[in-house]
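A structural walkthrough
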Amino acid sequence: MGTVVDAANTEANGSIAEKKPTVVFVLGGPGSGKGTQCANIVQHFGYTHLSAGDLLRAEIKSGSENGTMIDDMIKEGKIVPSEVTIKLLQKAIQESGNDKFLIDGFPRNEENRAAFEEVTKIEPEFVLFFDCSEEEMERRLLSRNQGRADDNIETIRKRFKVFLESSLPVIQYYESKGKVRKIDAAKPVEEVFESVKAVLKAKDEKAAV
Ligand SMILES: Nc1ncnc2c1ncn2[C@@H]1O[C@H](COP(=O)(O)OP(=O)(O)O)[C@@H](O)[C@H]1O
Ligand SMILES: Nc1ccn([C@@H]2O[C@H](COP(=O)(O)OP(=O)(O)O)[C@@H](O)[C@H]2O)c(=O)n1
Ligand SMILES: [Mg+2]
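Residues numbered from 1 in each chain as written. Chains lettered and ligands numbered in written order. Predicted model: local features only at pLDDT ≥ 70, side-chain atom pairs only at ≥ 80, totals over all residues. Heavy atoms only, no water.

Short version of the rule: UniProt positions are given in the numbering used here, feature names are shortened, and annotations may be inferred rather than shown by experiment.
The name given to the protein in an unreviewed UniProt entry is UMP-CMP kinase, and the organism recorded there is Xanthoceras sorbifolium. Note on the protein: under the UniProt heading Sequence similarities (unreviewed entry), the record states "Belongs to the adenylate kinase family. UMP-CMP kinase subfamily." According to UniProt, the comment filed for the protein under the heading Subunit (unreviewed entry) is "Monomer."

Written out as structure tokens, the structure is:
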């Protein structure tokens, strides 16, 4: 005790503040490759991958009281109220034992963003934005073959509309704060990962200075 680190973690009221986890938001349209690239990042950089969509799908499977509501919203491509999603994210963060997270597919609208900030007081280090044409994303979603209830052309069209109307403004918000690292996600998986690595290495090098 009494080290410089302890002093830095001591708030003005004298309590020891818990160190906030490092968070990178991973955003991009449906099918842009967020999940695929997060799996690669986990292998190389020691992050824990938290997919908001995966957590919501697990919640449906668990038979929770919110399950039917979440299922209905996913089938319509709508965004589940942040209260539900943030609780799932917080639980996963606590249970992980890690302090570095890739939060994939969240925040997806202004309500998600503002509520997460308000509840957790966590600011993302940066936002990885996977930029890809709708044509390519549609092709990928229609051949994803994971048995997802929302990978059909009707729901895909709704998800694209929600992405343009609700999710892009969140990316623009972080852009205005200089936090967006845009990646050309239309290239093959390995090439996209080269771009991702360049961004993450730049962060590590900065942290080491
Ligand atoms: N760069 C890529 N080129 C071609 N197919 C890709 C690429 N990245 C991902 N895919 C495939 O596209 C589908 C959607 O990828 P996924 O990672 O699930 O995207 P997201 O999480 O953004 O919806 C998957 O079947 C995946 O294997
Ligand atoms: N923050 C989030 C993330 C996903 N979701 C829901 O989960 C669906 C699937 O999200 P996902 O991130 O797994 O989808 P992909 O972008 O990976 O294809 C979304 O279309 C929403 O209905 C949500 O409501 N809120
Ligand atoms: Mg995904």
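Thoughts on the site of ligand 2
This is how the line gets drawn: Proximity criterion: a residue is near a molecule or strand once any of its heavy atoms comes within 4 Å of it. A 3.5 Å cut-off defines polar contacts: any pair of N or O atoms within that distance qualifies, except that in protein one atom must be a possible hydrogen donor and the other a possible acceptor, and neighbouring residues in sequence count only when both atoms are side-chain atoms. Here the open area of atoms and residues is found with the Shrake-Rupley method and a 1.4 Å probe, where only the protein chains shown may cover a residue. By definition, any uninterrupted DSSP run of H or I lasting at least four residues is a helix, any uninterrupted run of E lasting at least two residues is a strand, and each is numbered from the N terminus. Here the term charged refers only to Asp, Glu, Lys and Arg, the term nonpolar to Ala, Val, Leu, Ile, Met, Phe, Trp, Tyr, Cys and Pro, and the term polar to all other amino acids, Gly among them.
Within the structure, ligand 2 sits among 20 residues, and Lys34, Arg57, Lys78, Val80 and Arg159 are positioned closest to it. One of the side-chain N or O atoms of Asn112 is found 3.2 Å from a nitrogen atom in ligand 2. Within the side chain of Arg159, an N or O atom sits 2.8 Å from an oxygen atom of ligand 2. Its free accessible area being 530 Å², ligand 2 has 96% of it covered by the protein chains. When contributions to the shell around ligand 2 are tallied by element, the ones reaching two or more residues are α3 (52-61) and α4 (67-75). Looking at the shell around ligand 2, the element that brings in the most residues is α3, giving four residues. Partitioned by chemical class, the residues of the shell around ligand 2 number eight nonpolar, four polar and eight charged.

Examining the sheet that holds strand β1 (residues 22-28)
Let me state the cut-off plainly: Strands are labelled as partners when DSSP assigns at least two bridges between them. The axes are straight lines fitted to the C-alpha atoms, using for helices just the contacting stretch, and the angles between their N-to-C directions are given from 0 to 180°. The contact criterion used is simple: two residues touch if any of their non-hydrogen atoms lie within 4.5 Å.
Taken together, the five strands give an open sheet; going across it, the order is β2-β3-β1-β4-β5, and neighbouring strands pair in parallel fashion. Looking at strand neighbours, the two that pair on one side only are β2 (48-51) and β5 (180-184), the edges of this open sheet. For this sheet, the mean angle separating the axes of adjacent strands, direction not counted, is 20°. In this structure, strand β4 (residues 126-131) lies alongside β5, joined through five bridges in parallel fashion. Residue pairing across strands places Phe130 opposite Ile183, the latter belonging to β5. Where helix α2 (residues 34-45) meets the sheet, its contacts fall on β1, β2, β3 (100-104) and β4, and the angle it forms with β3 comes to roughly 170°. Packing against the sheet, α3 makes contact with β2 and β3, and its axis sits at approximately 65° to β2.

So, the pairing of β3
The cut-off we apply is this: Burial classes: relative accessible area under 20% of the type maximum marks a residue as buried, over 50% as exposed, and values in between as partly exposed (1.4 Å probe, protein chains only).
Counting buried positions over the five residues of β3 gives four, a clear majority of the element. In the sheet, β1 pairs with β3 via five bridges, with the strands oriented parallel. Paired with Thr22 across the bridge in β3 is Lys100.

Some details on the UniProt feature "binding site: a ribonucleoside 5'-phosphate" (unreviewed entry) in the protein
According to UniProt, the "binding site: a ribonucleoside 5'-phosphate" (unreviewed entry) feature falls on Arg57, Lys78, Ile79, Val80, Gly105, Phe106, Pro107, Arg108, Arg148 and Arg159. Relative to the elements of secondary structure, Gly105 occurs in the loop between β3 and α6 (110-120). By relative accessible area, which is 7% here, Gly105 ends up buried. With near-sequence residues (within four places) excluded, Gly105 lies in contact with Val26, Leu27, Lys34 and Ala52. Checked against the element boundaries, Pro107 lands in the loop between β3 and α6.

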